[in-house]
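The lines below spell out each chain.
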Amino acid sequence: QFYSCASRRLSTPLKDIPEPFQSQKDTLHPSYTYTNIFQIKMASLATMTMQRSALRSLSRTSYKQQTRPLTERAGSVLIDIDHYASGWNIADIEEFTKAGKYQIQTFNKISEKGLQQFPPEKYEIKPAAWEANNAHAILLRSHKLQESEVDVTVRAIARCGAGTNNVPVSRMTELGIPVFNTPGANANAVKELVLCGILLGSRRIVDGINHMTELGKQGLAKERVEKDKAMFGGREVKGKTLAVIGLGHIGSSTAVDAAKLGMKTVGYDPALSIESALKLPRTIKLTDSIVSAVQQADYISINIPYIKGEGGTHGIIGKDVISN
């Protein structure tokens, strides 16, 4: 299991194989690379232990360091494999050679209901506090994943949410590690928070709570409560216009429930799917740009991930949108 997934980490041409591996060079096909050498079953337990330790060290280095020759990183002295045949500490060999269960490392708190999808007889779930030296998969929510946290044994990464902007997807693609997301899994929870934010802001509920808290400290709450409540009346949302930018699972659900509250809805999504379109309220007005969507809006709900780089969403809300 270890060598099959570790092979993607290295791609040194066969001609650049360090001396300890040259003895196997003549037995391999010319098209083989250094990665294929690591897939060969090692002749001794000590050799396998040495390779595991070396690969783990390589996985902790930066991308530039990984592309440098092994001899340059290790220094001018190359240690012969046979040197490790005696005196090598293999006390933890049983820990990383256990058969029968896949190791899954979690970051953040993952729902127990979701984790129950992994049968305990096949999977072992480890929290972030446990350093999973041989984790086969990673589950995370908002944790910003670093490459140094992705061990050589990792075969898949899953984001328990819609966006993957907290995972270095491009780098994981280079390493051959697929990254998954779970669109729609938390759509209802997010939609409720969006509507909650609209109501809190419209009726100035938070302002009223803070005002009464301060009056309570002064001992004036009882005599001022009726007089001061008119200061925080706010306005009703019924009849107001909500612009929804991004009509995926969350955006379409927000538009539907906003319409049920009596709001007018305007939407924009250049990649609107048929599935999401069928969920939209019949009264929604679709526009061809963000500017058009926000021009007559009283409220704006932005339901798109923040992604930097070419083709990303960074700067999508610019002066042209703000001015409208």
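Residues numbered from 1 in each chain as written. Predicted model: local features only at pLDDT ≥ 70, side-chain atom pairs only at ≥ 80, totals over all residues. Heavy atoms only, no water.

J.: Is there a simple way to explain the packing of aromatic side chains in this structure?
T.: One pair of aromatic rings is described through two measures. These are the centre distance and the angle between the planes. Under the defined criterion, the tally for this structure stands at two aromatic pairs. Relative to Tyr 123, the ring of Phe 118 lies with its centre 5.2 Å away and its plane at 70 degrees, an arrangement referred to as edge-to-face. Following the ring pairs from residue to residue traces out a cluster consisting of Tyr 102, Phe 118 and Tyr 123. (Phe/Tyr/Trp six-rings, centres within 6.5 Å; stacked < 30°, edge-to-face > 60°.)

J.: Can you help me understand the sheet that holds strand 8 (residues 285-286) in this one?
T.: Backbone-to-backbone hydrogen bonds join strands into a sheet, with any given pair of strands oriented parallel or antiparallel. Taken in spatial order, the four strands of this open sheet run 8-7-6-9, and their pairing is parallel. Of all the strands in the sheet, just strand 8 and strand 9 (299-302) have a single pairing partner and so form its edges. Here strand 6 (residues 241-245) runs beside strand 7 (residues 264-268); their pairing, made up of five bridges, is parallel. Bridge assignment links Ile 245 to a residue of strand 7, and that residue is Tyr 268. (Pairing = 2+ DSSP bridges. Helix = DSSP H or I, 4+ residues; strand = E, 2+ residues; numbered from the N terminus.)

J.: Before we go on, may I ask you to explain the pattern of salt bridges in this structure?
T.: Close approach of charged atoms lets side chains of opposite charge pair. For the coordinates displayed, the defined rule picks out eight salt bridges. The salt bridge involving Glu 226 is made with Lys 229; its shortest N-O contact spans 3.1 Å. For Glu 226, a relative accessible area of 57% gives the class exposed. Assessed through its relative accessible area of 52%, Lys 229 is described here as exposed. Residues joined by salt bridges that share partners form a network here, namely Glu 147, Arg 171 and Glu 174. (Salt bridge = Lys/Arg side-chain N within 4 Å of Asp/Glu carboxyl O. Buried < 20%, exposed > 50% of the residue type's maximum accessible area, 1.4 Å probe, protein only.)

J.: So what exactly am I meant to see when it comes to helix 10 (residues 187-202) here?
T.: Residues spaced three or four apart along an α-helix point in a common direction, a consequence of the helix completing one turn every 3.6 residues. The end-to-end C-alpha separation of helix 10 is 23 Å, in line with the 22 Å expected for 16 residues at 1.5 Å each. For helix 10, every residue scored as buried is listed here: Ala 187, Lys 191, Val 194, Leu 195, Ile 198 and Ser 202. With its buried residues spanning 90 degrees around the axis, helix 10 presents them on a single face. Buried residues along helix 10 sit against strand 6, helix 13 (249-260) and strand 9. (Expected span 1.5 Å × (residues − 1). Arc of directions from axis to C-beta. Contact = heavy atoms within 4.5 Å.)

J.: Sorry if this is basic, but what is going on with the packing of helix 10 against helix 13 here?
T.: Between two packed helices, both the angle of their axes relative to each other and the distance between the axes serve to describe the pair. Where helix 10 contacts helix 13, the axes come no closer than 9 Å and their chain directions differ by 50 degrees. Relative to helix 13, the element helix 10 lies oblique. For the pair helix 10 and helix 13, the sense of crossing is right-handed. Of the residues in helix 13, those touching helix 10 at Ala 187, Val 190, Lys 191, Val 194 and Leu 195 are His 249, Ile 250, Ser 253, Thr 254, Asp 257 and Ala 258. Residue classes in the contact of helix 10 with helix 13 are distributed as six nonpolar, three polar and two charged. (Axes fitted to C-alpha atoms, helices over the stretch in contact; angles between N-to-C directions. Parallel < 35°, antiparallel > 145°, perpendicular 65-115°, else oblique. Left-handed = near helix turned anticlockwise from the far one by under 90°. Nonpolar A, V, L, I, M, F, W, Y, C, P; charged D, E, K, R; others polar.)

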